[in-house]
Amino acid sequence: MRKWFICLFLIFSFSYTSQAHAFSKQVIQRGAVGDDVIELQARLQYLGFYRGKIDGVFGWRTYWALRNFQYKFKLPVDGLAGETTKQKLVRASKYYKSFVHSNLRKGNTFTHYGGIPLSKQVKVRQTKAKNQATATRTTNKQANKTASPQQTAVKRVKTAAVNVPNGFSQNDIQLMANAVHGEARGEPYIGQVAVAAVILNRINSPSFPNTVAGVIFEPGAFTAVADGQIWLTPNETSRKAVLDALNGWDPSSGALYYFNPNTATNGWIWSRPQIKQIGKHIFCK
Amino acid sequence: MLRILLIAVLSIGIAGTAYWGYREHQQKNAILIHAENNYQRAFHDLTYQIDLLHDQIGTTLAMNSRQSLSPALAEVWRLASEAHATVGQLPLSLLPFNKTEEFLSNIGSFSYRAAIRDLDKQPLNSEEYKTLQQLYKKSADIQQELRNVQHLVLENNLRWMDVELALATNNRPNDNTIIDGFKTVEKNVQSYNETDFGPSFTNVEKRTKGFEHISGKKITKEEAKQIAKTFLGLEGNEEIQVVHSGEGASDAFYSVTIKNPKTKSETYMDITEKGGYPIWVIENRPVNKQNISLNDATIRGLRFLKQHKFNNFELYESTQYDHVAVLTFVTAQNGVRIYPESIKMKIALDDGNIIGFSARDYLSSKRERTIPKPAISIEQARKKMNPNVTIMEERKAIIMNNVNQEVLCYEFLGTLGDDTYRIFINAQNGIEEKVEKLQNPEPIYGEI
């Protein structure tokens, strides 16, 4: 009896919030992330168009769901959630915002289909695993703090997934950020992008291994790998530089090698045709 | 009394230090041996793989029927790529050993192409046989040299850690037997460098990034500065530096660095010397909040392109990373998307300003082109597709296929299960040119 009462109360409070909150003014398009996308996915799922995870990233599945919705509701099918599409969607569906957000925060597996009681759509993440996760996270945080106190915290958009450049995972990005940080952390930003670009140019070149790890861990290829500096905690700048390189920026203009003229001991490297100098590094073919 | 005590303490200290030092020394040795063993394994693996490779190429020469030739060539491809991967594990990157790696990678792509071909319809021609014969001979040379080095290594108990040390300290590396041996291998391959792999072969070099198709007169440093000013909409109080590229650049360019004393931001830009086209721009500044949407950013990007005379562009892909939009635009001509002509842009979602621009692909493939008439209809192309794929979108497009030729295709976006695929069917002969699985957002691991 008491359980029922709580359930009813919960549903009440949810329906209240669902009316109070609706989309912001933006036109939502593929590739977007954030609260509006969470709402879009939840509402599309409520109507049964979207069967994927509600993760806050507008990927291909969300895109097709939105187009199917537009088609069924006789709207122009363009895959953009504009003013009329959003209005129709809000009128046709419900959105239990606090339910969705609290489950996203807790990392629970959940769905948001209409016609099924919400309590039946959640699979709570096991508390044991959760405790462990929080524990490791706090230690990580502490480690970060001691490693680089000057590091500025970048406010991330809170979602359960992220966009990644085609063909690369977050772990690849992390590994490359490690290498860039170890090799070029004192360099200007553009020099760091260039070092990341050299790694990518090597992957594309027939003269080098063709994986991220293969290129980075090739014995003797990078001094930071040889002396262990690759395992320093990278800062936000090197991650940003890696993303720029992965997205197609190449300040090195196709370079395969670079060296610091003040410390280079190998005579052979000087014989390579030089392209340009960025910061302390000379980039060459 | 005090003296005895002091002596006792000190001798305990010395004994302790000695013990500690001994342990450290042992640990260091263990790690050194481990690293050395890794190198030894890679080296002996390599010689073994080259052995197998040589034999396998030999057997393909003797074969004629497709049933036996295709698997044999596939085996060559596998061995070549394995050997290539093994070379990457040896500490040779400071040694010029590129040609050998390139050679292995070329054998790989040659045999791959031949292996996947329908050899009944299109058997190996005489030129390709000649290539195979040459590959056979060359791999014999490499095999012999490597066997020679291997013999010396085993006989004299040579260690790869010494090679690494010699290379790192540049301590007369010419005296090192291993380095010498590998240099001979490299020289051997170099003489082979010019070999023609036959008409069906394209080099594995994935992108040849020349700006051959751009025109215009050579610009000066001062003009480069002016171009940067107008392109970036500078106010005039910025500190600007211009540097000319080095001789290694395949196309000469100017690098412009702009420092804004007011906002403390730095902008970098490269401009081609010929014609003065902007190649890329990056502005480095933190973007910590979002005021405009990805859609607004797209509209701004398109407006910017139009303003700077990049015409006929449409959005191909948009992605948001935290508070930055990364957009890819491609040109479209009479409704046909030309994928090689792409421009990328980064737009900050706080104030909507452009903080990144890259036209490298566009500059290297931009040209006047006449789009051919398709020989098959879109209905015929649809029939060539996997029937399990649900077609969601379709259009015509020009793409680079995997032998680096531009081809007119029908492009289909379709779903199969939970995934989305982009499929290109050649509009002249109905060949499935490319099938890509499109990236889904990646879940964040280990976070609650």
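If you look chain B up in an unreviewed UniProt entry, it shows as Spore germination protein from Anoxybacillus tengchongensis.

In the annotation of an unreviewed UniProt entry, chain A is listed under the name Spore cortex-lytic enzyme and assigned to Anoxybacillus tengchongensis.

Engineer: Where do I start with the sheet that holds strand S6 (residues 281-284) of chain A in this structure?
Structural biologist: Residue and element names in this part refer to chain A. Here 3 strands make up an open sheet; going across it, the order is S4-S6-S5 and the pairing antiparallel. In this open sheet, the two strands that pair with only one neighbour each are strand S4 (257-259) and strand S5 (274-278). Strand-to-strand twist across the sheet, computed as the mean angle between neighbouring axes with direction ignored, equals 25 degrees. The sheet contact formed by S4 and S6 spans 3 bridges and is antiparallel. Paired with Tyr 257 across the bridge in S6 is Cys 284. In this fold helix H8 (residues 189-204) packs onto S4, S5 and S6, with an angle of close to 140 degrees to the strand it touches most, S5.

Engineer: Even after reading the chapter, I still don't get the nonpolar core, so can you show me in this structure?
Structural biologist: The tendency in soluble globular proteins is for nonpolar side chains to be buried as a group. By size, the foremost hydrophobic cluster in this structure holds 119 residues, and its most contacted members are Met176(A), Val193(A), Ala196(A) and Val242(A). A total of 9 residues in this core trace back to one element, the largest contributor, which is H8(A). Excluding residues that lie within four positions of it along the chain, Val193(A) makes contacts with Ala241(A), Asp244(A), Ala245(A), Trp249(A), Pro251(A) and Ile282(B).

Engineer: Explain the domain arrangement of chain B here, please?
Structural biologist: Reports of interface size often rely on the accessible area that becomes lost once the parts have come together. According to the domain assignment, chain B consists of domain 1 (2-190), domain 2 (287-367) and domain 3 (378-437). For domain 1 of chain B versus domain 3 of chain B, the separation of C-alpha centres amounts to 40 Å.

Engineer: Quick question: what am I supposed to make of the interface of chain A and chain B here?
Structural biologist: Across the contact, 65 residues belong to chain A and 63 residues belong to chain B. Broken down by secondary-structure element, the contributors of at least two residues to the side of chain A that touches chain B are helix H3 (60-72), helix H6 (127-147), strand S3 (161-162), H8, helix H11 (236-246) and S5 of chain A. Element by element, the count of residues in the side of chain A that touches chain B is highest for H8(A), at 4 residues. Its residues assigned to classes, the side of chain A that touches chain B shows 29 nonpolar, 23 polar and 13 charged. Pairing of S3(A) with strand S13 (residues 442-443) of chain B involves 2 bridges; the strand directions are antiparallel.

Engineer: In this structure, what is going on with the environment of Met345(B)? I would like to understand it.
Structural biologist: Residue and element names in this part refer to chain B. Note on placement: Met 345 falls in strand S7 (residues 336-348). Using a count of 24 C-beta atoms within 10 Å as the deciding quantity, one classes Met 345 as buried. As for Met 345 and Leu 69, which are separated by 276 residues in sequence, their C-alpha atoms are 48 Å apart. Met 345 has contacts with Gly 301, Leu 327, Ile 354, Gly 356 and Phe 357, leaving out every residue within four places of it along the chain.

Definitions and cut-offs
Residues numbered from 1 in each chain as written. Chains lettered and ligands numbered in written order. Predicted model: local features only at pLDDT ≥ 70, side-chain atom pairs only at ≥ 80, totals over all residues. Pairing = 2+ DSSP bridges. Helix = DSSP H or I, 4+ residues; strand = E, 2+ residues; numbered from the N terminus. Axes fitted to C-alpha atoms, helices over the stretch in contact; angles between N-to-C directions. Contact = placed C-beta atoms within 7 Å. Core = buried A, V, L, I, M, F, W, Y, C linked by C-beta atoms within 7 Å. Buried ≥ 20, exposed ≤ 12 C-beta atoms within 10 Å, placed from the backbone. Domains from an automatic or database assignment. Nonpolar A, V, L, I, M, F, W, Y, C, P; charged D, E, K, R; others polar.

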